[in-house]
Amino acid sequence: MSAVPQGWAPVLARFSQGEISPQIALAQLLLSNSGVDAVAELATLAGADPGDVDLGRLSRLAADHPDQLQRVRAMVASGIDPQNADSAAGRIAATRDLFDRLAIEAPEAAVAIYSLGDPGLLDAATAELVDVIAGWTELRDSTLLDFGCGIGRVGAALAPRVREIVGVDVSAGMIEQARARTDGIPNLRFQVTDGADLRAFGDDVFDLILAIDSFPFLVRAGEDVMRDQLEEFARLLRPGGELLVFNWSYRGDVEADVADAQRLGGDAGFEIRRAGERPFRIWDGVGFHLVRR
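Residues numbered from 1 in each chain as written. Predicted model: local features only at pLDDT ≥ 70, side-chain atom pairs only at ≥ 80, totals over all residues. Heavy atoms only, no water.

Peer 1: Before we go on, may I ask you to explain the overall build of the chain in this structure?
Peer 2: Of regular secondary structure, the chain possesses 13 helices and seven strands. Across the 293 residues in the chain, those meeting the buried criterion constitute 53%. Pairs at least 24 residues apart make up 68% of the contacts formed inside the chain by residues separated by at least 6 positions. Looking at the chain as shown, the accessible area adds up to about 12,800 Å², and 47% of this sits on carbon and sulfur atoms. (Helix = DSSP H or I, 4+ residues; strand = E, 2+ residues; numbered from the N terminus. Buried < 20%, exposed > 50% of the residue type's maximum accessible area, 1.4 Å probe, protein only. Contact = heavy atoms within 4.5 Å. Areas by Shrake-Rupley, 256 points an atom, 1.4 Å probe, with all protein chains shown as cover.)

Peer 1: When you look at the pairing of strand E3 (residues 188–192) in this model, what are you seeing that I'm missing?
Peer 2: Every other side chain in a regular strand lies on the same face of the sheet, so the side chains alternate between the two faces. Pairing analysis gives five bridges linking strand E2 (residues 164–169) to E3, with the strands arranged parallel. Following the sheet pairing, Gly167 is matched in E3 by Phe190. For the crossover from E2 across helix H10 (residues 172–181) to E3, the handedness is right-handed. (Pairing = 2+ DSSP bridges. Right-handed = clockwise from strand over helix to strand, strands pointing away.)

Peer 1: How should I be thinking about the side chain of Ser214 in this particular structure?
Peer 2: Mapping Ser214 onto the fold places it in the loop between strand E4 (206–212) and helix H11 (215–221). Beyond its immediate sequence surroundings of up to four residues, Ser214 is in contact with Phe147 and Gly148.

Peer 1: Looking at this structure, how should I read the sheet that holds strand E1 (residues 143–147)?
Peer 2: One key point about sheets: their strands pair by backbone hydrogen bonds, in either a parallel or an antiparallel sense. Strand order in this open sheet of seven strands is E3-E2-E1-E4-E5-E7-E6, and the pairing throughout is mixed. Where the open sheet ends on each side, the last strands, each with one partner, are E3 and strand E6 (270–277). Neighbour-to-neighbour, the strand axes of the sheet open up by a mean angle of 15°, direction not taken into account. Pairing analysis gives six bridges linking E6 to strand E7 (residues 287–292), with the strands arranged antiparallel. Residue Glu277 lies in a different strand from E7, and its bridge partner there is Gly287. Strands in contact with helix H12 (residues 223–236) are E1, E4, strand E5 (237–246), E6 and E7; relative to E5, the strand with the most contacts, it is inclined by about 135°. (Axes fitted to C-alpha atoms, helices over the stretch in contact; angles between N-to-C directions.)

Peer 1: Explain the nonpolar core to me, please; I cannot follow it from the model alone.
Peer 2: The tendency in soluble globular proteins is for nonpolar side chains to be buried as a group. Ranked by size, the top nonpolar core spans 58 residues in total, and within it Leu26, Ile133, Leu158, Leu210 and Phe246 carry the most contacts. By residue number, the principal contributor to this core is helix H8 (residues 119–136), which donates eight residues. Residues contacting Ile133, with those up to four places away along its chain left out, are Leu139, Val154, Leu158, Leu210, Leu244 and Phe246. (Core = buried A, V, L, I, M, F, W, Y, C linked by side-chain atoms within 4.5 Å.)

Peer 1: It is not clear to me how the pattern of salt bridges should be interpreted in this structure. Could you clarify?
Peer 2: Two side chains bearing opposite charge may form a pair once their charged atoms approach each other closely. As enumerated under the stated definition, the model contains 15 salt bridges in all. A salt bridge links Arg163 to Asp141; the shortest N-O distance between them is 3.1 Å. Of this pair, Arg163 sits in the loop between helix H9 (153–158) and E2 while Asp141 sits in the loop between H8 and E1, and the two are 22 residues apart along the sequence. Relative accessible area serves as the criterion here: at 39%, Arg163 is assigned to the partly exposed category. A single salt-bridge network, built from bridges that share partners, covers Glu223, Arg227, Arg251, Asp257, Asp260, Arg263 and Asp267. (Salt bridge = Lys/Arg side-chain N within 4 Å of Asp/Glu carboxyl O.)

Peer 1: Before we go on, may I ask you to explain the packing of aromatic side chains in this structure?
Peer 2: Two aromatic rings are characterised by how far apart their centres lie and by the angle between their planes. Here the structure, examined in full by the defined rule, presents eleven aromatic pairs. Arranged with centres 5.5 Å apart and planes meeting at 70°, the rings of Phe201 and Phe206 form a pair that is edge-to-face. For the pair Phe201 and Phe206, one class covers both residues: buried. Seen from their ring centres, Phe217 and Tyr250 are 6.1 Å apart, and the 85° between their planes marks the pair as edge-to-face. A residue pair is termed long-range when its members are at least 10 positions apart, and Phe217 in helix H11 and Tyr250 in the loop between E5 and helix H13 (254–267) qualify at 33 residues. Residue classification places Tyr250 among the partly exposed residues on the basis of a relative accessible area of 41%. Through a chain of ring-to-ring contacts, three or more aromatic side chains come together here, namely Tyr114, Trp136, Phe246, Phe280 and Trp283. (Phe/Tyr/Trp six-rings, centres within 6.5 Å; stacked < 30°, edge-to-face > 60°.)

This is how it looks when you write it as structure tokens:
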């Protein structure tokens, strides 16, 4: 293989070994070196080694999405990680501002960068996620809270299977997108939250809470925020209610995430049913299943 850009070799190795999907591999290549034109670079690498089937697959995927990759590349270059702040409130505000911006620039990529900004790829990943959720819990006649709902893609996919879904997000821009994209679904509604508490809801009102790629921002806000949020979730859930978390953090240490889930979840009154599982083919998300005692 010709020389690859800095940061690409580990990603290409994981893809060749079947550990990650083509979408995840391409997204990680962009994240590892946003200054590289992925379409041109992959075409060069594949041309230099035409027998490499994996490089060929990635090159074709990149070539099929040049405009989307350009938008994702610009999004990564402009910053997709909330800036450090001196307080939990500051970090929550930074997260809100980030997703308000991304709601305008690249909403599909913002909620799942591995979708490459392609609604079709996002729909496939969402369908896989819904299948996993349905396999982990009983959805029929449930009332759900979608915490960090983004553009409402999961709520829209789950609405035919449940009684009611409420989606909340700190980003007013994402909530605006969600409402526009799901208009006409009667059992699905959205509201903006301040990210600090959920006192707008009463006790014991939900059967299931979903947190899909939203916990990492709580982890960044600090352990006190995590403790408060888990206690809020326990308050909102009916006895025996379930909390499904997909991606506890972005720190790349699943063992630490499992330990935190057991410790902090246990303190908040949850039994840990699953922790650190990887149930997906398209996405590389890590799943956690907690049940209110």
